[in-house]
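So the chains spell out like this:
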Amino acid sequence: MQRNLILLGAPGAGKGTQAQRLAARFGIPQISTGDMLRAARREGTPLGKKAESFMNAGQLVPDEVVVGLVEERLGKDDAKLGFILDGFPRTIPQAQALDTVLKKLGRDPLRVIDVQVPEATLLERLGGRLSCPKCGATYHVRLNPPKQAGICDACGGALVTRADDQPEAISQRLREYHDKTAPLVDYYRKAGLERAVDGVGDLEVVLGRIIEALASGA
Ligand code: ADP
Ligand code: AMP
């Protein structure tokens, strides 16, 4: 059985945190467009250069850039038994493009988990997030600190604060989410694919809620 999952939710909802855990549990890849774009930016590829100014300002990168990335990634062998999309789709045209790609690849239907977290909690989480550029793991200075300050538990990489985890870019990202991404909840609800999960609580408790929602036929 394929597990073709999407984690929806605002910036800071915990998509990346939970996608990493679900990927390990189910043995399927986490596909984070944010991580892919940050890698392209770091490597200075033409795509990375194109995306950089949008990302730093907290704006969405144009649809055609991310759709191309995801289409290529989903065609790889390790995604044949399933995948966890984290941070994609973020607009209705991206969701429509994904439907077309999955049809072309002959994949099973999607299951969509909407991780719900109130704005005050999102701000608290984004304000203290630490990220590992090497393996994509995320931590929080108070809520989920690494064992050794500044060092990734998983791979030993040096943790950084993302350029877009600054107050101005955070506000812009939340605006983009409300304007362009939140309508996807309705898009997938109308298709009967969406399940809401409360994203507030201990990391493992939230993980348990997601697994339960999936088991109950989201
Ligand atoms: P997203 O990928 O949705 O933007 P992240 O997974 O990066 O969100 O999480 C944002 C921040 O919140 C990180 O610092 C992470 O460690 C922290 N975080 C995630 N889930 C929880 C949780 N259930 N409780 C407390 N902190 C959390
Ligand atoms: P994230 O790591 O998911 O928080 O994404 C960080 C930034 O990368 C976003 O603020 C956007 O600039 C860009 N980005 C990531 N995924 C997408 C997407 N699906 N569509 C457009 N821009 C994206």
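Residues numbered from 1 in each chain as written. Chains lettered and ligands numbered in written order. Predicted model: local features only at pLDDT ≥ 70, side-chain atom pairs only at ≥ 80, totals over all residues. Heavy atoms only, no water.

### Remarks on the pairing of strand β4 (residues 111–116)
Each regular strand displays side chains that alternate between the two surfaces of the sheet. Extensive coverage of β4 is indicated by the burial of five of its six residues. Taken together, the four bridges between strand β1 (residues 3–8) and β4 define a ladder with parallel strand orientation. Each bridged residue has a counterpart across the sheet, and for L5 the counterpart in β4 is R111. Relative to strand β7 (residues 194–198), β4 runs parallel, the two being bridged by five bridges. Within β7, the position partnered with V115 by the bridge is V197. (Buried < 20%, exposed > 50% of the residue type's maximum accessible area, 1.4 Å probe, protein only. Helix = DSSP H or I, 4+ residues; strand = E, 2+ residues; numbered from the N terminus. Pairing = 2+ DSSP bridges.)

### Observations regarding the site of ligand 1
Taken together, 19 residues sit near ligand 1, with K15, T17, R129, Y139 and G201 positioned nearest. G16 places a polar main-chain atom, nitrogen or oxygen, 2.9 Å from an oxygen atom of ligand 1. Taking T17, its side chain carries an N or O atom lying 2.5 Å from an oxygen atom of ligand 1. Its free accessible area being 560 Å², ligand 1 has 93% of it covered by the protein chains. Those elements that provide at least two residues to the shell around ligand 1 are α1 (15–26), β6 (138–140) and α9 (203–215). For the shell around ligand 1, a count of residues per class yields seven nonpolar, eight polar and four charged. (Near = heavy atom within 4 Å. Polar contact = N/O pair within 3.5 Å; in protein donor to acceptor, adjacent residues only side chain to side chain. Areas by Shrake-Rupley, 256 points an atom, 1.4 Å probe, with all protein chains shown as cover. Nonpolar A, V, L, I, M, F, W, Y, C, P; charged D, E, K, R; others polar.)

### Quick look at the packing of aromatic side chains
By convention here, two paired aromatic rings are described through the distance between centres and the angle between planes. Enumeration according to the criterion identifies one aromatic pair in this entry. Judged by centre distance (5.0 Å) and plane angle (90°), the rings of Y187 and Y188 are edge-to-face. Just above the ring of F26 sits the side chain of R3; from NZ or CZ to the centre is 3.8 Å. (Phe/Tyr/Trp six-rings, centres within 6.5 Å; stacked < 30°, edge-to-face > 60°. Lys NZ or Arg CZ within 6 Å of the ring centre and 35° of its normal.)

### Remarks on the site of ligand 2
Close to ligand 2 lie 16 residues; T33, R38, Q59, G87 and Q94 are nearest. Contact with the protein chains removes 97% of the 480 Å² of surface that ligand 2 exposes when unbound. Counting residues per element, the shell around ligand 2 draws most heavily on helix α2 (residues 33–43), which supplies four residues. Partitioned by chemical class, the residues of the shell around ligand 2 number six nonpolar, five polar and five charged.

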